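Notes for the structure review
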Amino acid sequence: MSEKIYAFLLRLYPAAFREAYSYDALQLIRDRAHYERGFMAKLRLWLDLLTDVANSIHRGFDAPQVELAGDIPSFHLLDTGSPRRGAVLLGTLLSVATLSVIPLSVGPSSTRHFSRAAFQIAGQPDMSPRNPQVAPAASDTHGGAVDRTERQRVVHTAAEYLRRYYIDPAVSQKVADALFAHQKRGDYESVKDGAAFADLLTKHIREASGDPHLDLVYSQRPLPSGPPPRSITNSAAYTKAMQQENCTFETVSTLRHNIGYLKLNAFADVSACQSTATAAMATLNNADALVIDLRDNRGGFGSMVSFLASYLFDHPEYLFSPRENPTRESWTRSPVPGSKFPGKPVYVLTSGKTASAAEAFTYNLKMLKRATLVGETTRGAAHAAIFHPIDEHFGMGILETKAVNPYADKDWEGTGIEPDIKVPVSDALETAVKHAEARLGKK
Amino acid sequence: MPKQKLSPLPAAAFQILLSLADEDLHGYGIMRNVAEQTAGRMRLGPGTLYSSLQALVEAALIEEVDTPEPEPGQERRRYYHLTAAGRKLARSEAERLADLLRVARTKKILRGDYV
C-alpha cells in the first residue's frame, strides 16, 4: 500500500532522479516497511517520506536538507544551481508586499515606540561592569576606530576589573580615580584609534599604579570571550606542531674544546617535549662547559624552564616566577640522575628579543650565580598578568598575585635583565666561547 | 552534478561517508547506519539519500561495487564502498568539527576535556 502511494509520489521528483534511482528508492521503502513494524514505525516512515518529497521536489534537486542543530535549523544546499528567474521575481514581489504591509498593520503609535527604544539602546549603552563579557562590542569588523560609547565602556570595565582582581585595593581605587578624572577632563575625547586609546590608558594606569605589569591592549581582530584556555598543551595539534619543529631545540652540538652548544627558541611545554629535551641534554652531557643560546627565545612554559634548569644543579633550587606564589613545582628537580652539568660553567646568550619564560630562566640562573649572561639586555616582558577581555577588541592584563621576589623589590618587567658581559648580539656566541675556553684553561 | 556542491560538505553527505567507514552497504543499510549514529536525529529519505549518493559517486568519494548475484527471493541491490579520497575527506571534516568543538569549549559553550 505505502509503496503504491510512494510510487505515485515519485512522479513529483525530478526526471533525472526518477530515471536513476526510482528502483532503489522503492526498494528502500520496501525494506523499511519490512523491517520497521508497528504503528509508530509506520507513522515515522510516512513522516520521513513526506518530508523527503517536500524537500526533493522543491526546485528540482536544489533541495535544501533541513537538519536541527540543537533548536536551530540549518540548511545545506545539495546543488549550486540558481533558482529560476520567475521564482526570484515572485519572491521579491512577495517580500516587498509583506514588508509594506507590516508598518500599516503595526500603526503609527507603535512605530514611535520602536524608534524610541532604538534610541535608548544607542544613547545609553549598558555600562554595567557586572557583566562585561556580554557588553555589546562596536562590531566584528572593527576598523580600528573607537567611539565615545566604547571608550566609556572600556574605562568603566577597566576600573571594575582592577577593583575585582588587583592585589592592592588602595591602588585599584587610585587608578580608577585617575582614569575617571582623565575621562572627565575630556582627555580621551580626541582619541579615535583603538590602539592609541589602549596605549594611552596603559600609560595612565601605570602612572597611577606604578606597576609595569598592568596593561590594556587592543586587538583589531575579535578577542575570544572568557578567559583563555588553561592549557593548550592537551591538544594533539600542539604536540604535533612542536615535534615537527623538534620542540624548537634548533641546535644541539659540540663546539671546539668540547664546549656544548644548545640553541633553544622557545620553552615548549614539557608534556609535549619531555623526550626531546631529555635527548638534547643527554647529547650535551659530556661537555666541559655549556652555552645556552636564548637570543631568539621569546618565552613559553614554566615547566620547561624548571625542567632544563634541573640539570644544572646538584640539589633543588628555588626558581622565582613573577606569575605565581611558590608551589612544589617552583623548585628544580635536581639532581637529575646521570647529569654531569652541576659545577660546569654555563653561559646564557641573550638579546633584546629574549622574553617572558626565557627571561625567567635567565633571571634565575643569574641570581643563583649559576650562569654568565652574554649579549644584550633582555626584552623586559615578565608576562605575569592574567588576561581579562573587556569586549571583543579590548582586554586587560592584571597581576593577580604578588610573588615575593627573593632577590629584589622588582622583577624584570619593563627593565629587562642586564647581561654580565655586554656585547652586541652577533658577537655573543664567540665571546661566550672565548670566556669558556679561558676558564677551562684551553686557550 | 558538479563537485563543489560537496564543499562545504553537507551534513547528510558526511554522515553517509561515516556510515561506510567500516563496511560496504546498500541504500537501506546506509539509512539505518546514519539513523543509528545520529541517535535517530537524521533519517534520510530516498530523495536525500540517493541524490547525496549520486553526488558522492560523481566526486569519487564513494563507488558502487559489484555484488554477488542475489539469492533467490532477494532483490538485487547496489552496494557502495568508501574510496580512499572519501575516507580522507571524512577525516578532514572530522578534524574541522573537532577544531570547532575546541573553540566552543574555549568559549565556555561546552565544557569538558579537549578532544
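Calculation criteria
- Residues numbered from 1 in each chain as written.
- Chains lettered and ligands numbered in written order.
- Predicted model: local features only at pLDDT ≥ 70, side-chain atom pairs only at ≥ 80, totals over all residues.
- Heavy atoms only, no water.
- Axes fitted to C-alpha atoms, helices over the stretch in contact; angles between N-to-C directions.
- Helix = DSSP H or I, 4+ residues; strand = E, 2+ residues; numbered from the N terminus.
- Parallel < 35°, antiparallel > 145°, perpendicular 65-115°, else oblique.
- Left-handed = near helix turned anticlockwise from the far one by under 90°.
- Contact = heavy atoms within 4.5 Å.
- Pairing = 2+ DSSP bridges.
- Core = buried A, V, L, I, M, F, W, Y, C linked by side-chain atoms within 4.5 Å.
- Buried < 20%, exposed > 50% of the residue type's maximum accessible area, 1.4 Å probe, protein only.
- Domains from an automatic or database assignment.
- Phe/Tyr/Trp six-rings, centres within 6.5 Å; stacked < 30°, edge-to-face > 60°.
- Disulfide = S-S within 2.5 Å.
- Polar contact = N/O pair within 3.5 Å; in protein donor to acceptor, adjacent residues only side chain to side chain.
- Salt bridge = Lys/Arg side-chain N within 4 Å of Asp/Glu carboxyl O.
- pLDDT = per-residue confidence, 0-100.
- Right-handed = clockwise from strand over helix to strand, strands pointing away.

All names here are of chain A. Interaxial distance between helix α10 (residues 270–283) and helix α11 (residues 302–310) falls to 11 Å at its minimum, and their mutual angle equals 25°. As far as their axial angle goes, α11 and α10 are roughly parallel. Our pair here, α10 against α11, has a crossing hand that is right-handed. Residues Val-270, Cys-273, Gln-274, Ala-277, Thr-278 and Met-281 of α10 form the contact with α11, whose participating residues are Ser-303, Met-304, Phe-307 and Leu-308.

Within a beta sheet, neighbouring strands are joined by backbone hydrogen bonds and run either parallel or antiparallel to one another. Residue and element names in this part refer to chain A. Sheet architecture is open: 6 strands sit in the order β4-β5-β6-β7-β8-β11, paired in mixed fashion. Looking along the sheet, the strands with just one partner apiece sit at the ends: β4 (249–255) and β11 (421–422). In the sheet, strand β5 (residues 259–264) pairs with strand β6 (residues 289–293) via 5 bridges, with the strands oriented parallel. Bridge pairing in β6 places Tyr-261 opposite Val-291. Taken strand by strand, α10 contacts β4, β5 and β6, and its axis lies near 15° from that of β4.

The next point concerns the nonpolar core. Core analysis: the largest hydrophobic core is formed by 47 residues, its most contacted members being A:Phe249, A:Phe267, A:Met304, A:Leu308 and A:Phe361. Of all elements in the fold, only α9 (236–244), β5, α10, β6, α11, β7 (346–350) and α12 (357–367) of chain A reach the threshold of two or more residues within this core. Taken together, domain 2 (111–229 + 383–407) and domain 3 (232–380 + 416–440) of chain A each give at least three residues to this core, which thus spans both. Contacts of A:Phe361, omitting those with residues within four sequence positions, involve A:Phe267, A:Ile292, A:Leu294, A:Val305, A:Leu308, A:Ala309 and A:Val348. Formed by 40 residues, the second largest nonpolar core is a distinct cluster that contains A:Tyr13, A:Leu49, B:Leu9 and B:Leu20.

So, on to unusual backbone geometry. Residues and elements named next belong to chain A. Note that the residue after Ser-334, namely Pro-335, is joined by a cis bond; omega there is -5°. With respect to the secondary-structure elements, Pro-335 resides in the loop between α11 and β7. The phi dihedral of His-257 falls on the positive side, at around 60°, and the residue is not glycine. One can find His-257 in the loop between β4 and β5. Residue classification places His-257 among the partly exposed residues on the basis of a relative accessible area of 36%. Unusually for a residue other than glycine, Lys-369 sits at a positive phi of about 55°.

Residues and elements named next belong to chain A. All chains considered together, the criterion is met by 14 aromatic pairs over all chains. Ring plane angle 50° and centroid distance 5.0 Å describe the contact between Tyr-318 and Trp-331, whose orientation is recorded as tilted. Within this pair, whereas Tyr-318 is found in the loop between α11 and β7, its partner Trp-331 is found in the loop between α11 and β7, the two being separated by 13 residues in sequence. For Tyr-318, a relative accessible area of 15% puts it in the buried group. What makes Trp-331 partly exposed here is its relative accessible area of 39%.

All names here are of chain A. Per the counting criterion, the structure on display carries 1 disulfide over all chains. In this model Cys-247 forms its disulfide with Cys-273; the gap between the sulfur atoms is 2.0 Å. When the S-S torsion is -90°, as for the bridge of Cys-247 with Cys-273, the disulfide is left-handed. Linking Cys-247 in the loop between α9 and β4 with Cys-273 in helix α10, this pair joins segments that are 26 residues apart in sequence. Each member of the pair, Cys-247 as well as Cys-273, carries the same accessibility label: buried.

All names here are of chain A. Its place among the elements puts Ser-310 in helix α11. For Ser-310, a relative accessible area of 4% translates into the label buried. A polar side-chain atom of Ser-310 sits 2.9 Å from the main-chain amide nitrogen of Arg-333. Excluding anything up to four places from it in sequence, Ser-310 contacts Thr-332, Arg-333, Ser-334 and Val-336.

The next point concerns the pattern of salt bridges. Residues and elements named next belong to chain A. A full pass over the atoms with the stated rule returns 24 salt bridges over all chains. Between Arg-32 and Asp-48 there is a salt bridge; the shortest N-O distance is 3.1 Å. You can see Arg-32 sitting in helix α2 (residues 15–35) and its partner Asp-48 sitting in helix α3 (residues 39–57), a full 16 residues away along the chain. For Arg-32, a relative accessible area of 3% translates into the label buried. Judged by its relative accessible area of 10%, Asp-48 is buried. Across the pair Lys-422 and Glu-418 runs a salt bridge, and its minimum N-O distance is 3.4 Å.

Moving on, we get to the confidence of the model for chain A. Residue and element names in this part refer to chain A. For chain A, per-residue confidence averages 81 on the pLDDT scale, and 81% of positions sit at 70 or higher. For chain A, per-element mean pLDDT is lowest for helix α5 (residues 108–123), which scores 37, and highest for β7, which scores 97. Below a pLDDT of 50 lies the segment residues 61–69, which in the model reaches 40 contacts outside its immediate sequence neighbourhood of four places, other chains included. Low pLDDT (under 50) marks residues 108–141, which in the prediction has 29 contacts with non-local residues, meaning those over four places away or in another chain.

All names here are of chain A. Burial of β7 is extensive: 5 of the 5 residues sit out of reach of the surface. Neither face of β7 is open: one carries Val-346, Val-348 and Thr-350, the other Tyr-347 and Leu-349, and all of them are buried. Two elements, β6 and β7, share 4 bridges in a ladder whose sense is parallel. Within the sheet, the bridge partner assigned to Asp-293 lies in β7 and is Leu-349. Note that the unit made of β6, α11 and β7 has a crossover that is right-handed.

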